[in-house]
Amino acid sequence: MTLRPGPSDAGLLEREGVMVPRAFVVAENRRDTRDTVTLELVAVDGDPLEFAAGQFTMLSGFGAGEVPISISGDPAHPEVLQHTIRNVGGVTRTLAHAAPGTALGIRGPYGHGWKVADGRGGDVVFVAGGIGLAPLRPAILEVCADRASYGQVRLLYGSRTPEDILFTSDLHVWAREHDIVVEEIVDAGTLGWRGHVGLVTQLVARGGFDPARTLALVCGPEVMMRYAAQALHDRGVSPPRIRLSMERNMKCGVGLCGHCQLRELFLCIDGPVLGYDRLAPLMARAEL
Ligand SMILES: Cc1cc2nc3c(=O)[nH]c(=O)nc-3n(C[C@H](O)[C@H](O)[C@H](O)COP(=O)(O)OP(=O)(O)OC[C@H]3O[C@@H](n4cnc5c(N)ncnc54)[C@H](O)[C@@H]3O)c2cc1C
Ligand code: FES
């Protein structure tokens, strides 16, 4: 295993307080689905946390621990920091149950985001699986705010069941008011579900975008991203124009601990969003 110091280690270590969280307070805890909530947080010191779409923070529940969570809110409104959290274990359970008024810690924002503006003048395809819609939401909101600069915009969204679909009111607004083609697909339908059943990669294969001028942003379970990126590539989207968010295990978030290392990459500082040209040879590797 190659261990390399993060590119800015010396600077980071000199910078006082890089591991010290800022205090935020839960203003609202909104239930999205049976296992997922969105927290709205405001800074105790009143300073908004400016961020780029696709960045994450290290979010801590005092006494519970700290985990990386993507920012799911609108980059144009950093005064309310939104995090959408799926309750899967010890720390996320505590965060998902944080009532209004609870104090939480935030470090960041960290990492490289989607840079969706690179898609201006062409088509944009968002491919989301499950909670993967949360990190994409800020980029979708950015496109909505500047819709005239983009051509065809599609959101291809796969969920386990219809009950697991996130941001249902957003999906309607994006389709009705912002001319975004929203296609949903579920692994297992329920009574009354009239949409697609299957894998999100099937929606990619249906096309509806011009591959030569498409920017594709993909977020979801790693196996889904691998197949979605391959399907986009098969349709002719060039690998650097296919961007994936690699959400592997992270501890420090700032290039110091090595937990997120993927060969020569430290995903916390080199990613989490990276082009398929760099990731394709690495994606077969299991988490270190
Ligand atoms: C850059 C980044 C952004 C993320 N954004 C979000 C987000 O917006 N919303 C959200 O709900 N989660 C997000 N995650 C995943 C989140 O960090 C993990 O779910 C969390 O660390 C689990 O901690 P825990 O203590 O609750 O559960 P643990 O007890 O540590 O783990 C519970 C289960 O989740 C699995 N798990 C842990 N970490 C991950 C991971 N990174 N990816 C996949 N499975 C994992 C474990 O293998 C285990 O099966 C993100 C992760 C990264 C690296
Ligand atoms: S080096 Fe610590 S999480 Fe990336």
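Residues numbered from 1 in each chain as written. Chains lettered and ligands numbered in written order. Predicted model: local features only at pLDDT ≥ 70, side-chain atom pairs only at ≥ 80, totals over all residues. Heavy atoms only, no water.

By the naming in an unreviewed UniProt entry, the protein is FAD/NAD(P)-binding protein, taken from Nocardioides taihuensis.

Here the focus is the domain arrangement of the protein. We note that the domain assignment places domain 1 (9-110) and domain 2 (117-279) within the protein. Here the C-alpha centroids of domain 1 and domain 2 sit 22 Å apart. Listed per partner, the contact involves 30 residues of domain 1 and 26 residues of domain 2. Summed over both partners, the interface of domain 1 with domain 2 buries about 2,000 Å², with 62% contributed by carbon and sulfur atoms. Seen at the junction of domain 1 and domain 2, the total is two salt bridges. Between Arg34 and Asp164 there is a salt bridge; the shortest N-O distance is 2.7 Å. Run the count over domain 1 and domain 2 and you get six residue pairs in polar contact (both at pLDDT 80 or more). Partitioning the side of domain 1 that touches domain 2 into residue classes produces 13 nonpolar, nine polar and eight charged. (Domains from an automatic or database assignment. Contact = heavy atoms within 4.5 Å. Buried area = accessible area lost by both parts, 1.4 Å probe. Salt bridge = Lys/Arg side-chain N within 4 Å of Asp/Glu carboxyl O. Polar contact = N/O pair within 3.5 Å; in protein donor to acceptor, adjacent residues only side chain to side chain. Nonpolar A, V, L, I, M, F, W, Y, C, P; charged D, E, K, R; others polar.)

We now examine the site of ligand 1. Taken together, the neighbourhood of ligand 1 is formed by 17 residues, with Pro68, Arg86, Thr92, Glu247 and Arg248 sitting nearest. Between ligand 1 and Arg86 there is a distance of 2.8 Å, counted from an oxygen atom to a backbone nitrogen or oxygen. A distance of 3.4 Å separates an oxygen atom of ligand 1 from a polar backbone atom of Gly89. Of all the elements in the fold, those that place two or more residues in the shell around ligand 1 are strand S4 (65-70), strand S5 (81-86) and helix H2 (90-96). Of all the elements, S4 adds the most residues to the shell around ligand 1, at four residues. For the shell around ligand 1, the per-class residue count stands at nine nonpolar, five polar and three charged. When residues of the shell around ligand 1 are assigned to domains, at least three map to each of domain 1 (9-110) and domain 2 (117-279). (Near = heavy atom within 4 Å. Helix = DSSP H or I, 4+ residues; strand = E, 2+ residues; numbered from the N terminus.)

Here the focus is helix H4 (residues 168-178). For H4, the full list of buried residues reads Asp170, Leu171 and Trp174. Along the axis of H4, the buried residues cluster in a sector spanning 105°; they form a single face. Exposed side chains of H4 directed beyond 90 degrees from the buried face belong to Ser169, Arg176 and Glu177. (Buried < 20%, exposed > 50% of the residue type's maximum accessible area, 1.4 Å probe, protein only. Arc of directions from axis to C-beta.)

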